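Descriptive analysis of the structure
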Amino acid sequence: DEFSKVVTKQTMASVQSNVADIICQGISLNSNYTSRLVPSKNSTDILEQVGNKTECALLGLVNALQRNYRQIRENMPEEMFTKVYTFNSVRKSMSTVIPWRDGYRLFTKGASEIILGSCDYILRKDGEVISFTGDKKSRLVNNVIQVMAADGLRTIAIAYRDFVREFPSANEVRISSEPHWDNENSIVSKLTLMCIVGIEDPVRPEVPDAIKTCQKAGITVKMVTGDNINTARSIATKCGIYKPGFLILEGKDFNRKIRDDKGEIQQHLLDQIWPRLRVLARSSPTDKYNLVKGIKDSKLRSTREVVAVTGDGTNDGPALKVADVGFAMGIAGTDVAKEASDIILTDDNFKSIVKAVMWGRNVYDSITKFIQFQLTVNLVAILVAFVGACTVQDSPLRAVQMLWINLIMDTFASLALATEKPTESLLDRKPYGRKQPLISKMMFKNILGQSLYQLTVLFTLVYLGDKLLDIPSGIHAHNPVNTHFTMVFNSFVMMTLFNEINARKIHGERNIFSGLFTNPIFCTIWLGTLVVQILIIQYGGEPFSAHRLDTEQWFWCVLFGVGTLLWGQVLAFVPPTSVQDSAKKPNEDFDIVSLTELSNGSRGRILWLRGMKRLQTQLKVVNAFKSNLQRLEELKREAAGGNERNQNDFPANPPSITNLFAWKPAAYKPAAL
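Right, let's walk through the structure included here. (Residues numbered from 1 in each chain as written. Predicted model: local features only at pLDDT ≥ 70, side-chain atom pairs only at ≥ 80, totals over all residues. Heavy atoms only, no water.)

What about the packing of helix H15 (residues 399-417) against helix H18 (residues 520-539)?
Where H15 meets H18, the axes come as close as 9 Å, and the angle between the chain directions of the two elements is 165°. Here H15 is positioned roughly antiparallel relative to H18, judged by the angle of their axes. Between H15 and H18 lies a crossing of right-handed hand. In contact with Trp404, Ile408, Phe412, Leu415, Ala416 and Leu417 of H15, H18 contributes Ile521, Phe522, Ile525, Thr529, Val532, Gln533 and Ile536. Tallied by class, residues from the contact of H15 with H18 come to eleven nonpolar, two polar and no charged. (Axes fitted to C-alpha atoms, helices over the stretch in contact; angles between N-to-C directions. Helix = DSSP H or I, 4+ residues; strand = E, 2+ residues; numbered from the N terminus. Parallel < 35°, antiparallel > 145°, perpendicular 65-115°, else oblique. Left-handed = near helix turned anticlockwise from the far one by under 90°. Contact = heavy atoms within 4.5 Å. Nonpolar A, V, L, I, M, F, W, Y, C, P; charged D, E, K, R; others polar.)

Observations regarding the environment of Pro202
Residue position: Pro202 is located in the loop between strand S10 (191-200) and helix H7 (207-216). You can call Pro202 exposed: its relative accessible area is 55%. On a C-alpha basis, the gap between Pro202 and Lys238 in space is 10.0 Å, while along the polypeptide they are 36 residues apart. (Buried < 20%, exposed > 50% of the residue type's maximum accessible area, 1.4 Å probe, protein only.)

Observations concerning helix H8 (residues 229-239)
For H8, the set of buried residues is Ile229, Thr231, Ala232, Ser234, Ile235, Ala236 and Cys239. For H8, the N-terminal cap is Asn228; the gap from its side-chain oxygen to the backbone nitrogen of Asn230 is 2.6 Å. Just downstream of H8 lies Gly240, where phi reads positive at about 90°. (Polar contact = N/O pair within 3.5 Å; in protein donor to acceptor, adjacent residues only side chain to side chain.)

Some remarks on the packing of aromatic side chains
Following the criterion strictly, the structure yields ten aromatic pairs and no others. An aromatic cluster is present here, built from Tyr104, Phe163 and Trp181 joined pairwise through their rings. Here the guanidinium or amino end of Arg504 rests over the ring plane of Phe522, the centre of that ring lying 5.7 Å away. For the cation-ring pair, Arg510 lies above Phe573, with the distance from its terminal atom to the ring centre recorded as 4.3 Å. (Phe/Tyr/Trp six-rings, centres within 6.5 Å; stacked < 30°, edge-to-face > 60°. Lys NZ or Arg CZ within 6 Å of the ring centre and 35° of its normal.)

Let's talk about the environment of Tyr33
Residue position: Tyr33 is located in the loop between helix H1 (17-29) and strand S1 (36-39). Residue Tyr33 is classed as buried on the basis of its relative accessible area of 18%. Tyr33 sits 22 residues away from Glu55 along the chain, and the two C-alpha atoms are 9.6 Å apart. For Tyr33, the side chain forms a polar contact with the main-chain oxygen of Met76, separated by 2.7 Å.

Thoughts on the nonpolar core
As a rule of thumb, soluble globular proteins bury nonpolar side chains together. Counting residues in hydrophobic clusters, the biggest one holds 48 residues, and the most contacted among them are Phe489, Phe492 and Val493. Contributions of two or more residues to this core are made by helix H14 (351-391), H15, helix H16 (441-468), helix H17 (483-502), H18 and helix H19 (551-571). The biggest single contributor to this core is H17, with eleven residues. Contacts of Phe492, omitting those with residues within four sequence positions, involve Val377, Val380, Ala381, Leu397, Ile405, Gln454 and Leu458. (Core = buried A, V, L, I, M, F, W, Y, C linked by side-chain atoms within 4.5 Å.)

Here's what the structure looks like:
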């Protein structure tokens, strides 16, 4: 019947004084002296835990037994210790040997089922020591340990052993000289069990929701712990990690299943386990490392899995290092764990991992938004400049106008599109694959569709705009500042500005204004660009090759710009068919690209350099075609005047549209194109 009774905080007084003394001594001395309880800054009634949380919980038991652990430690400082066997993840215990009377006393604490295997005696509540047989051990395991573990309690066994020089009791060992302390297996054996302690590590209220969010986002959460399998099952069930149909294994069973007859790990055996494995209990750091590496090396799926690992201990270092993303605990984590990790969670909160994923996906989406917007502007600008230079012998877009367009496209757009705040909707879709194309089929459709619309409008304005809008033609005009080409330039900028709103959505969303006004930076940049464009058109004059437009002409330019929004709604009905959509099919368990970008602080500089390089390239293209056309005009005038020219200085046949890319003008390097 004793083995079915559990002492609670309310029944602590029933513990005999001599039993409480030895239990408190074993707890206070056989722990790191850095673990302690200090008064909380916020409340005098609550003690704050400093150091190892398990040891702090045991010190709380000492306080509940109305003993002072500080006084016990002062009477036995660490310098007086004879031998300390520090905690080891393999033996899952810690032992300390202290001088006692004319001999020594060994205190041990650790995983209950492991310590029980080394116990031959047990201390009754009245202080009597009796033998601890196999039948009693089974009753203790069934009635106490398994019951506690099923409730999610971590069970710790506390035991001792005495070494005396004469008159040994039944549970004491007689010594004539100092024992050989290096023989740990012999020293830590034939122990006397004092008590089994159940410690609850309560699940934080936000953790179940955070894990549910991860699962919805395509992230599979696996629990690797050193706890008892029943404790691990209870906690995993509360968190939502484990559900019926999935697999729970202990470390020894895991190793047996993944190794062949020679004891070597086989990938095909591991592939049979890890997809269904949700909890790995009583595991060692090696088990954790093998699981992470095995998932990474698996070819079970078409794309390699991406693995993130959390850890706080020194033994977690190898797993943190081999993982794609290592998360170390900023508060409880050791220096080794922090050094081996990629990201440090300053609040030790699992929910912060969800935030990291959300921010990472937001950064990735910001890059793709910018690329979609930039490629559309690039494609339209280059084709308009190229075709215009070839057909009307003059570029509808002047160099300074191209400079302003590129300033909008690269600098302002990158700032506007990169400052979108992450939303919960980012976690409603699956992760991107490692080899997923940066330009998805949805983006490809939007780029081509918007380019087609803008090119149609601009070419119509270039060739028919003077007739449709009843304005003087700018083709072959002697004055570079004319209403015709100003309309082309202004319409292009308006369509670019309104398409910037379209570019905010890259997954086929219909409501492009969703969250628009929650981003003040985007709104400020967009409105600021619009104001500057108005000033350039109305007051820029000759420096910007801009002619002042009247109200009707402005109406048409803005109408063309608004048309990009309407055209975007039309494109939403067109099913993309070219490349695989990352938002539809999950490929991996974690978003490693996003998290890598999250920690990269040079993204703005990279975008700036890339934008400036493209700007230089486009200006070179325009200048090259312009200079070649000027040389053609000179040849015509010289031919008309009867002048002859060396045929080796210029090709006999001027380039046509069909062979222009094969022709290499002297002033332009093809590699730059």
